[in-house]
Amino acid sequence: MEKQPIIEMKGIVKVYPDGTKALKGVDLTVYQGEILGLLGENGAGKTTLMKILFGMLHPTSGRILIRGKEVQFRSPSDAITHGIGMVHQHFTLVEVFDALHNIILGMEGHGLFSRIDVKKAREKLQKLMNDLNFQVPLDVPVEDLPVGVQQRIEILKMLFRDIDVLILDEPTAVLTPIEVEELFRVLRHLKEEGKTIIFISHKLNEVIELTDRVTVIRKGEVIGTVETKTATPQLLARMMVGRDVVLRIEKPPKEAGEPILKVENLSVKGDRGEKAVKSLSFEVRAGEIFGIAGVEGNGQTELIEAITGLRKPENGRVYLNNVDITGKGPRELYGLGMAHIPEDRTHMGLILEMTVTENALLGLQWKRDFQRWSGVINWRRARGHAKSLIEEFDISAPGTEAPVKSLSGGNQQKLIVAREVSKAPVLIVAAQPTRGVDVASTEYIRNYLVKLRNEGKAVLLVSADLDEVVQLSDRMGIIYEGEFMGVVKPEEVSTEEIGMMMGGIRYEEIRK
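Everything numeric in this text was worked out from a predicted model, so none of it was measured.

Chemist: Just to check I follow, could you spell out the overall build of the protein chain for this structure?
Modeler: When you go through the protein chain residue by residue, the secondary structure sums to 18 helices and 22 strands. Taking 24 Å as the expected radius of gyration for a compact globule of 512 residues, we find that the protein chain reaches 24 Å, a close match to that expectation. Across its three principal axes, the protein chain shows a C-alpha extent of roughly 70 × 55 × 50 Å. Taking all 512 residues of the protein chain together, the buried fraction comes to 52%. Contacts in the protein chain between residues at least 24 apart in sequence constitute 65% of all its contacts with a sequence separation of at least 6. For the protein chain, the centre of its 67 positive side-chain charges and the centre of its 72 negative side-chain charges are spaced 4 Å apart.

Following this line, the structure appears as structure tokens:
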């Protein structure tokens, strides 16, 4: 018997008040009991399309049919009423609430005396977790739970509402390999029960492993839909970008030189006073990419901030080219040869309201090359600098005087990389360099980091994308709760062993 469409989106157009046309007449059909992959570059419109389906945005025009009947959603609660739930890339949990109260939040009803039966809710939730073999501690505050468990809570929050269609936006971005396997097991179980999954991801191999069909969106239009069993990563990448994309990184063998960065017994406190980094020691050598892999929240941010002068360490020393730089500020570190690609481009890497030229100059405005006289910027030279970065790094921008917020996420990230390497550094600290970046920009940035390594630069890479760390690194440290569980060469360990270290098991114990 032929599967029936559960969702039909017809001619969906979305035009924002500033005139941006995010969707240009998109048609999408989703069948009952399938896992549909949704692929596209940054700004392609896939998340916008799903937010319309979930009632978070209203289409400019177009129709949505659920089981053949046309619907109009005013809010996410309308979508949930019709059996559609969405788990966002950035979690929407109340951190001080426990898991149980996060899951039932919003189901209290309306009116002064409206309440939810918490005991019955707990019983229903426990049965759901038992059926799925998908457990979370219900009475622990969310802020004390790992990100993988927090994501489980988000999924359970939707399933608890008896939804039929589950939309997942980049769900594996913060998970260990073992947690990804567990998530895929649950999604396949839900499919067997007749649930429908829409899976948004940048990771082509995961899409091929999990889905039944894949729809590709490019620049607000559907390029095509293919059966996953006939798809390859190369085909999907070509559909997303419109050209062939080299998905493998060519990294020739190279003998590393002298240590450029030395970290000795470094301890760093987190924002709440906890010990986020615990007596960590390692070095990064010239002509080497040293990667740090781990689930987010295990001290990576605090470590990078201590190295780049954004956070004072509690103990230990940091050396750059044998100069003690412990506790020095970013401006001084730039002068000594450090560049920093920060993990959050919109809050730490760029000033969105400023122009491309102004952002290209950040951190360089102190140099005499860009000053007419003391404290006065030579804007003609600054614009020339921005233009040269745009050309060299193939940045798609309306012009040097356009606000940087008008650039796509991938081009914003390329601008940061271009600006930082233009400082002629000896050490590049790259934190989440391709986070939220489409496949074409990811290809460019990864290859550029390898190019820097081949030129003899030292690169410290921190990424939540395990594939990225494994592909790029010459050596890598696996971090858990502020300590390295092992420092290994990627080719000498399996994905399972890396996953075990990411979960807190030391390399020596694994190899016993």
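Chemist: Just to check I follow, could you spell out a nonpolar patch on the surface for this structure?
Modeler: Residues V96, F97 and L105 make up a contiguous nonpolar surface patch of roughly 260 Å² in combined accessible area. Looking at V96, the relative accessible area reads 59%, which means it is exposed.

Chemist: Help me understand the side chain of E497, please; the structure alone is not making it clear to me.
Modeler: Tracing the backbone through its elements, the reader meets E497 in helix α17 (residues 495-502). Taking the relative accessible area as the measure of exposure, E497 reaches 15% and is therefore buried. Polar side-chain contacts of E497 include one of 2.9 Å to the side chain of R511. When near neighbours in sequence (up to four residues on either side) are disregarded, E497 contacts E492, I510 and R511.

Chemist: Please clarify how the pairing of strand β19 (residues 427-431) should be interpreted in this entry.
Modeler: For a regular strand, the rule is simple: side chains alternate between the two faces of the sheet. The buried count for β19 comes to five of five residues, which makes it a mostly enclosed element. Judged by which residues are buried, β19 turns out to be covered on both faces: L427, V429 and A431 on one side and I428 and A430 on the other are all buried. In this sheet, β19 lies alongside strand β16 (residues 338-341) in parallel orientation, the contact comprising four bridges. Across the sheet, M338 pairs through a bridge with L427, a residue of β19.

Chemist: Sorry, what's going on with the pairing of strand β22 (residues 483-488) here?
Modeler: Relative to β22, strand β21 (residues 475-480) is paired through five bridges, and the arrangement is antiparallel. The residue of β22 that forms the bridge with I478 is G486. Hairpin connection from β21 to β22: two residues lie between these consecutive antiparallel strands, with E481 at a positive phi of about 50°.

Chemist: Is there a simple way to think about the packing of aromatic side chains in this case?
Modeler: Each aromatic ring pair is characterised by the separation of its centres together with the angle its planes make. Summed over the entire model, instances satisfying the criterion amount to seven aromatic pairs. On the numbers, 6.2 Å between centres and 45° between planes, the contact of F290 with F484 is tilted. With F290 in strand β13 (residues 288-293) and F484 in strand β22, the pair connects residues that are 194 residues apart, well separated along the chain. Here Y444 and Y448 contribute two aromatic rings whose centre-to-centre distance is 6.3 Å and whose plane-to-plane angle is 15°, an arrangement assigned as stacked. One end of the pair is Y444 and the other is Y448, both in helix α15 (residues 439-454) and four residues apart, which spans about a single turn. Cluster of aromatic residues (ring-pair linked, three or more members): F282, F290 and F484.

The rules behind the values
Residues numbered from 1 in each chain as written. Predicted model: local features only at pLDDT ≥ 70, side-chain atom pairs only at ≥ 80, totals over all residues. Heavy atoms only, no water. Helix = DSSP H or I, 4+ residues; strand = E, 2+ residues; numbered from the N terminus. Rg over C-alpha atoms; globule rule 2.2 N^0.38 Å. Buried < 20%, exposed > 50% of the residue type's maximum accessible area, 1.4 Å probe, protein only. Contact = heavy atoms within 4.5 Å. Lys, Arg positive; Asp, Glu negative; His and termini not counted. Charge placed at Lys NZ, Arg CZ, Asp CG, Glu CD. Patch = residues over 30% accessible without salt bridge, like charges linked within 9 Å, V, L, I, M, F, W, Y side chains within 5 Å. Areas by Shrake-Rupley, 256 points an atom, 1.4 Å probe, with all protein chains shown as cover. Salt bridge = Lys/Arg side-chain N within 4 Å of Asp/Glu carboxyl O. Polar contact = N/O pair within 3.5 Å; in protein donor to acceptor, adjacent residues only side chain to side chain. Pairing = 2+ DSSP bridges. Phe/Tyr/Trp six-rings, centres within 6.5 Å; stacked < 30°, edge-to-face > 60°.

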